[in-house]
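# Working through the structure, step by step
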Number of protein chains: 4
Amino acid sequence: MAIVLGPNQYGKAETRLVRLVRDSPVHGITDLNVSSALRGDFDAAYLDGDQRNVLPTDTQKNSAYVWAKKVVPDPIEAYGLALAHHFVDDVAPVEAARIEIERFDWTRVAVGGAPHDHTFVRTGQEVRTAAVTLEPPATHVVQGFKDLIVLKSTGSRFKDFLVDEYTTLQPTDDRIMATSLTARWRVSDPAADLDWNGMYAGVKAVMLERFATLDSLALQQTLWHMGRAALEAYPEIAEIRLVAPNKHHFLVDFTPFDESNENEVFHADDRPYGLIQASALRDDAAPAGDAWWTFVDLA
Amino acid sequence: MAIVLGPNQYGKAETRLVRLVRDSPVHGITDLNVSSALRGDFDAAYLDGDQRNVLPTDTQKNSAYVWAKKVVPDPIEAYGLALAHHFVDDVAPVEAARIEIERFDWTRVAVGGAPHDHTFVRTGQEVRTAAVTLEPPATHVVQGFKDLIVLKSTGSRFKDFLVDEYTTLQPTDDRIMATSLTARWRVSDPAADLDWNGMYAGVKAVMLERFATLDSLALQQTLWHMGRAALEAYPEIAEIRLVAPNKHHFLVDFTPFDESNENEVFHADDRPYGLIQASALRDDAAPAGDAWWTFVDLA
Amino acid sequence: MAIVLGPNQYGKAETRLVRLVRDSPVHGITDLNVSSALRGDFDAAYLDGDQRNVLPTDTQKNSAYVWAKKVVPDPIEAYGLALAHHFVDDVAPVEAARIEIERFDWTRVAVGGAPHDHTFVRTGQEVRTAAVTLEPPATHVVQGFKDLIVLKSTGSRFKDFLVDEYTTLQPTDDRIMATSLTARWRVSDPAADLDWNGMYAGVKAVMLERFATLDSLALQQTLWHMGRAALEAYPEIAEIRLVAPNKHHFLVDFTPFDESNENEVFHADDRPYGLIQASALRDDAAPAGDAWWTFVDLA
Amino acid sequence: MAIVLGPNQYGKAETRLVRLVRDSPVHGITDLNVSSALRGDFDAAYLDGDQRNVLPTDTQKNSAYVWAKKVVPDPIEAYGLALAHHFVDDVAPVEAARIEIERFDWTRVAVGGAPHDHTFVRTGQEVRTAAVTLEPPATHVVQGFKDLIVLKSTGSRFKDFLVDEYTTLQPTDDRIMATSLTARWRVSDPAADLDWNGMYAGVKAVMLERFATLDSLALQQTLWHMGRAALEAYPEIAEIRLVAPNKHHFLVDFTPFDESNENEVFHADDRPYGLIQASALRDDAAPAGDAWWTFVDLA
């Protein structure tokens, strides 16, 4: 019996990077939070404190900045791929690289009804995310978003569930369904000309439509149908994973007050919340490798 | 010399309340965080633990729910006024009431290009706020927002400042200016037919336009002009207060890398940040009374 | 009628500063979050964008670092006073200065039962705070803490309160009382040899003892007695202000499960919460001036 | 090619539960955040919205409360095991259960130098965690903590690292090393009489001692030695995983100010930060199964 080094990675997390495009009076802006992690021949750094193979995390930060200059980092997936290739191709001990990106959305301020050239307001509830894993010969891109808060005020029921001696929940044919959705979908070995921005908008639209129009019998069922719709719309997607807290809205009891409450006034509760994790995948999907081995999101 | 009770207030903070309107298949939604504080003849509760004058905070919560049923809480200012009047008019020991409200914005999900009847996505960066102070015979409504994140990628300079022996900052003719704006404006003894939603949209638009078009010499000057523009546009507003962190964007130094950086790649720093507090008011403004005595925001 | 500039201040917020003392192998550490705000003759900066009187916030940051070198910033109140005097005495346009400080507590790691020379673990739930306002000839120091979470599992009742038609709360003779306490106490024109660290420990101890031993009839009464005890113990204190959320612990209803619950199992709820603001002061207290005009805590 | 349901779990997250022991005037308190997730025969719920096998998350919450009454939930690992067994043993469709627990620490308030019977103050920086995975016939308990903030003011160097064209970092023989440590260690098929509280205190102490006494050549090496020390001290532990942000403390440059700075004044930066993930395991460790499949921490 011996004690051995297990899985490991290291890198620079949360480099907050703003890239402007100023080649005309109409400026462009890309606002990112970039993290990079390297995997490879780093055992000596852990076991003996030998840094000879260790590219400093400070250098990784510098590289993130420089690559944002070399190419405008939009779509973020292309930027992540370029940066990952730099680490894997140019830095000898690096065997695999992971780039995680958050993108914050801005829109132009309206002045006199027209979009302004260089003034922006941050918009959007959700944060677009990308995670590139380059582990030659495989390449994985996990596109996604987090914090997309959606709600339907009807068209959701929950009944005919398992009842045991600790069950007090009443079945319902009409409830509010609300969640703060995290969704991530994997494309392995993507085509060079894949339209990442188009796919992002498309998957989001397809999932929102499904959320809206499905007669919901449970959040589980809703997530499955949303995920399946994404895979049906985009054959490039190998699998999709969804995490959704069930943000409970409790009907306030008005009977003590001689008032009616016909599904009109709700208490939006914080904790606890139901939590559902679901995934949909193609049965012939390429292997995921380390595509889901997160870096910054790990608890 | 004696030790005496000083200023005090008590109430229920952060009642999370969702109000639906369901009188047609096209549902409406109002999503609020409501806090109420009572001021009045409550000394005995502090000094002797005598609760006879104390309306429980739980009752205040119930009242917030019931009043959201009696009237759809939109505009939030009208709802706040109605709830404040209930406490002051109907509960004997209450001499003044303060209602603080945050409103979260939702828009309809698009399905097939059309807005959906009952499915919503949370939008908007900023949170709309209102603080009603009813202290008869005066009534104050402080309308506002927080967390409105804006940025201009040029049109901002900072130079010709005071230099002492600890000054290392270099003057600049072109920098990013970005802030997360909190703005609050006071209307005292408002007219019954004041269009609160129109005023909110108008003040926000006027301030954003000013932010965009002003050649900024400093964040102080920018805030003053934004505030003054709001007062010029709306004679009902007695004063406006703005708080703005200067969210620094530092140009990344590319000289070690044989790359240029012509105001293109920036590091968005977290802390420290400059912080500016400014206010503009009419010289004949009605007295503010306790309009600015906050409840939940107090540290 | 004219629109005029109202109250304003500007400065550098949240400079995160760690000061080591290394004059022996047993190191000392002081870990601070420092904010400085200047008040004075700055109207031209707002009205005209004229920066000639404006000491950059970047310089204020540099000054905070340099003063932490000149004197070990412990007690934080002495450091704040020294830094405030620098701004008011050495920078001509500055008429008043405010320094706000948060201090994070560290203790030594135990190695073989003995405290280690240079290894520390962050401890303590609460954050010690200080706010120095130097507005010659007056000087105010507001000492305090925030986030001190306390709970008593019995010895708290709430009954005989005002009941109206919206009251459903049941009176109780035995409940959990818990809060996350913010307390701030003012010393004006402090003696040069005031033992700030001793006062901090003393006020905290006195208030905790009072919280523990008082038979609580309401959070209002508890806060008053805690504040009064602090003033009784320290004649230097002119006034004290307390803000306390009533962190509700609801007894879980076990009747459906054929189990008893004799005040044993509680749900600790997040929102809404009762919120109490109380203050105690001497009836001959020196005027507070701008001692309570906060900088960073303002919403 | 077909689209199929992938890995899934569902449950109730973050039930905030306080358990008092009141069988003597000296009360005991256990303060927990409990999450439960079920895995098993739930495909129909996703695919068809069929809830017949679905135990509501509300029932899981009720069960968490009831089990906290049946047994005092201390150690939390025993409580988690009991609750997991309830779900797996008593609810037919459940094939595996995961219980994740956070425990918040309280100590007694001192009154007159003695610990008070029923008044507590929340203490401790770190949060103790446990994750029980019951997937018969295997049982895994992952004990751990998060948010343990540690710092050493010397005894840390970083040099002789890989240098490429983007490297600007200077080597150092003396720097501050600080991190907010997350550590989790797995015990599979634990003995019934395992002293969980003793193991928790022991692992924490061993790791802190190692952090203090090791001459650090890199955070990677430090983590490895901390993890190995835990496995050497406790043969029951199969593996340990550590995640550590390198909380950078940058020496402030005083050369413009004619001041020295001999590793005395530092800027504690927020972002970006280095991030290191390390693990140590026995080469004959029992398989981990789904022990590391997190529920609430998943991004």
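Residues numbered from 1 in each chain as written. Chains lettered and ligands numbered in written order. Predicted model: local features only at pLDDT ≥ 70, side-chain atom pairs only at ≥ 80, totals over all residues. Heavy atoms only, no water.

Looking at an unreviewed UniProt entry, chain A carries the name Uricase, with the source organism given as Amnibacterium endophyticum. UniProt, in its Catalytic activity (unreviewed entry) section for chain A, records the words "urate + O2 + H2O = 5-hydroxyisourate + H2O2". (UniProt positions renumbered as here; feature names shortened; annotations may be inferred.)

The next point concerns the overall build of chain A. Helix and strand counts for chain A come out as five helices and 11 strands. C-alpha atoms of chain A, sized along the principal axes, occupy 75 × 70 × 35 Å. The burial tally for chain A puts 63% of its 299 residues in the buried class. Of all intrachain contacts in chain A linking residues separated by at least 6 positions in sequence, the fraction that spans at least 24 positions is 68%. On chain A, roughly 10300 Å² of surface is accessible, and the fraction owed to carbon and sulfur atoms is 50%. Counting 28 positive and 44 negative side-chain charges, chain A places the averaged centre of each group 5 Å from the other. (Helix = DSSP H or I, 4+ residues; strand = E, 2+ residues; numbered from the N terminus. Buried < 20%, exposed > 50% of the residue type's maximum accessible area, 1.4 Å probe, protein only. Contact = heavy atoms within 4.5 Å. Areas by Shrake-Rupley, 256 points an atom, 1.4 Å probe, with all protein chains shown as cover. Lys, Arg positive; Asp, Glu negative; His and termini not counted. Charge placed at Lys NZ, Arg CZ, Asp CG, Glu CD.)

Before going further, it helps to examine the nonpolar core. Among the nonpolar cores identified, the biggest contains 150 residues, and Y79(A), W185(A), M207(A), Y79(D), W185(D) and M207(D) are the most heavily contacted of them. Contacts of Y79(A), omitting those with residues within four sequence positions, involve L17(A), L32(A), V34(A), A64(A), W67(A), A68(A), P73(A) and I101(A). Y65(B), V141(B), A212(B) and V91(C) belong to the second largest nonpolar core, which has 149 residues in total. (Core = buried A, V, L, I, M, F, W, Y, C linked by side-chain atoms within 4.5 Å.)

The subject of this paragraph is the interface of chain D and chain A. If you look at the interface, chain D gives 84 residues, while chain A gives 84 residues. With both chains or domains summed, chain D and chain A bury close to 6900 Å², and 59% of this area falls on carbon and sulfur atoms. Counting across the interface, chain D meets chain A through two salt bridges. For the interface between chain D and chain A, the tally reads 40 residue pairs in polar contact (both at pLDDT 80 or more). Counting residues per element, the ones that place at least two in the side of chain D that touches chain A are β1 (3-5), β2 (9-21), α1 (43-47), α2 (57-70), β7 (177-188), α5 (219-233) and β11 (273-282) of chain D. (Buried area = accessible area lost by both parts, 1.4 Å probe. Salt bridge = Lys/Arg side-chain N within 4 Å of Asp/Glu carboxyl O. Polar contact = N/O pair within 3.5 Å; in protein donor to acceptor, adjacent residues only side chain to side chain.)

With that settled, consider the relation of the copies chain D and chain A. Once chain D is rotated about the relating axis by 180° and shifted along it by 0.0 Å, it coincides with chain A to within an RMSD of 0.0 Å. Taken together, the rotation and translation relating the two chain copies correspond to the operation of a two-fold axis. An overlap of 100% is found between the interface residues of chain D and their copies at the interface of chain A, pointing to a shared contact surface. (Least-squares fit on C-alpha atoms with pLDDT ≥ 70 in both.)

Looking now at the interface of chain A and chain B. The partner chain B presents 56 residues to the 56 residues of chain A that form the contact. Buried surface at the junction of chain A and chain B, both sides included, amounts to about 4900 Å², of which 60% is carbon and sulfur. Seen at the junction of chain A and chain B, the total is eight salt bridges. Among the salt bridges present, the one from E259(A) reaches K70(B), with a minimum N-O distance of 3.5 Å. Along the contact surface separating chain A from chain B lie 29 residue pairs in polar contact (both at pLDDT 80 or more). Elements with a contribution of two residues or more to the side of chain A that touches chain B: β2 (9-21), α2 (57-70), β4 (94-111), β5 (114-135), β6 (138-152), α4 (196-213) and β10 (265-268) of chain A. Per-element tally for the side of chain A that touches chain B: the top contributor is β5(A), with nine residues.

So, on to the relation of the copies chain A and chain B. Look at the two chain copies: a rotation about an axis and a shift along it is all it takes to match them. At an RMSD of 0.0 Å, chain A and chain B line up after a rotation of 180° and a shift of 0.0 Å along the axis. Both copies contact each other with a shared surface, as 100% of the interface residues of chain A are interface residues in chain B too.

Another point: the side chain of N246(A). Residue and element names in this part refer to chain A. Within the secondary structure, N246 sits in strand β8 (residues 239-246). Overall, the relative accessible area of 11% leaves N246 in the buried class. If we skip the residues at most four places from it in the chain, N246 touches R175, A178, L219, Y273 and G274.

This part is about the packing of α4(A) against helix α5 (residues 219-233) of chain A. The relative placement of two packed helices is expressed as an angle between their axes plus a distance between the axes. Residues and elements named next belong to chain A. One way to put it is that α4 packs onto α5 with a least axis distance of 9 Å and a crossing angle of 140°. For the pair α4 and α5, the crossing hand works out as right-handed. Contacts between α4 and α5 pair V203, V206, M207, R210 and F211 from the former with T222, H225, M226, A229, A230 and A233 from the latter. Residue composition of the contact of α4 with α5, grouped by class: eight nonpolar, two polar and one charged. (Axes fitted to C-alpha atoms, helices over the stretch in contact; angles between N-to-C directions. Left-handed = near helix turned anticlockwise from the far one by under 90°. Nonpolar A, V, L, I, M, F, W, Y, C, P; charged D, E, K, R; others polar.)

Moving on, we come to the environment of Y273(B). Structurally, Y273(B) is set in strand β11 (residues 273-282). As for Y273(B) and D193(B), which are separated by 80 residues in sequence, their C-alpha atoms are 41 Å apart. Leave out the neighbours within four places in its chain, and Y273(B) touches P245(B), N246(B), H248(B), G11(C), K12(C), A13(C), E14(C) and V296(C). Looking at Y273(B), its side chain comes within polar contact range of the side chain of E14(C), at 2.7 Å.

It is worth spelling out helix α3 (residues 76-90) of chain B at this point. Here α3(B) contains 15 residues, and its C-alpha end-to-end distance of 21 Å stays within 8% of the 21 Å for a straight helix at 1.5 Å per residue. Taken as a whole, α3(B) has its buried residues at I76(B), E77(B), Y79(B), G80(B), L81(B), L83(B), A84(B), H86(B), F87(B) and V88(B). (Expected span 1.5 Å × (residues − 1).)

For the rest of this paragraph, the subject is the pairing of strand β10 (residues 265-268) of chain C. Of the two faces of β10(C), both are covered, the one formed by V265(C) and H267(C) as well as the one formed by F266(C) and A268(C). Bridging between strand β9 (residues 249-251) of chain C and β10(C) involves three bridges; their strand directions are antiparallel. When the sheet's bridge partners are listed, F250(C) is paired in β10(C) with H267(C). Alignment of β10(C) against β2(D), held across three bridges, turns out to be antiparallel. From the neighbouring strand, F266(C) faces β2(D), where its bridge partner is V18(D). (Pairing = 2+ DSSP bridges.)

Moving on, we come to the environment of E165(D). You can see E165(D) is positioned in the loop between β6 (138-152) and β7. Taking C-alpha positions, E165(D) is 40 Å from G144(D), a pair spaced 21 residues apart along the chain.

Across all of its chains, the model carries 32 aromatic pairs over all chains by this definition. Each ring, one from F145(D) and one from Y200(D), has its centre 6.4 Å from the other, and the planes form 85°; the classification is edge-to-face. Highlighted residues: F145(D) in strand β6 and Y200(D) in helix α4 (residues 196-213), separated in sequence by 55 residues. Each member of the pair, F145(D) as well as Y200(D), is classed as buried. Among the aromatic residues, those joined into a ring-pair cluster are W67(A), F254(B), F257(B) and Y166(D). Cation over ring: K152(A) sits above F211(A), and NZ or CZ is 5.6 Å from the ring centre. A cation sits over an aromatic face here: R128(B) above Y200(B), 4.6 Å from the ring centre. (Phe/Tyr/Trp six-rings, centres within 6.5 Å; stacked < 30°, edge-to-face > 60°. Lys NZ or Arg CZ within 6 Å of the ring centre and 35° of its normal.)

Bringing the pairing of strand β8 (residues 239-246) of chain B into the picture now. All names here are of chain B. In terms of burial, β8 is a largely internal element, seven of the eight residues being buried. As judged from the five bridges shared by strand β7 (residues 177-188) and β8, these two strands associate in the antiparallel manner. Opposite T182, over in β8, you have V243 as the bridge partner. Two strands pair when backbone bridges link them, and β8 and β11 are joined in this way by eight bridges, in the antiparallel orientation. Its bridge partner being in β11, A244 is matched across the sheet by I276.

Following D74(B), the chain continues into P75(B) via a peptide bond in cis, with omega recorded as 5°. Its place among the elements puts P75(B) in the loop between α2 (57-70) and α3. The phi torsion at E14(A) lies on the positive side, around 65°, for a residue other than glycine. Mapping E14(A) onto the fold places it in strand β2.

So, on to the domain arrangement of chain A. Residues and elements named next belong to chain A. Under the domain assignment used here, chain A contains domain 1 (1-136) and domain 2 (144-299). Relative placement of domain 1 and domain 2: their C-alpha centres are 28 Å apart. At the junction of the two partners, domain 1 supplies 25 residues and domain 2 supplies 21 residues. Note on domain 1 versus domain 2: buried area summed over both sides is about 1900 Å², and carbon and sulfur give 53% of it. The largest per-residue losses of area from domain 1 upon contact with domain 2 belong to E126, R128 and T129, which jointly make up 29% of the total buried on that side. For the interface between domain 1 and domain 2, the tally reads two salt bridges. In this structure, K204 engages E126 in a salt bridge whose closest nitrogen and oxygen atoms are separated by 2.7 Å. Of all elements in the fold, only β2, β3 (28-40), β4 and β5 reach the threshold of two or more residues within the side of domain 1 that touches domain 2. Ranked by residues supplied to the side of domain 1 that touches domain 2, first place goes to β5 with seven residues. Looking at the side of domain 1 that touches domain 2 residue by residue, the class counts come to six nonpolar, eight polar and 11 charged. (Domains from an automatic or database assignment.)

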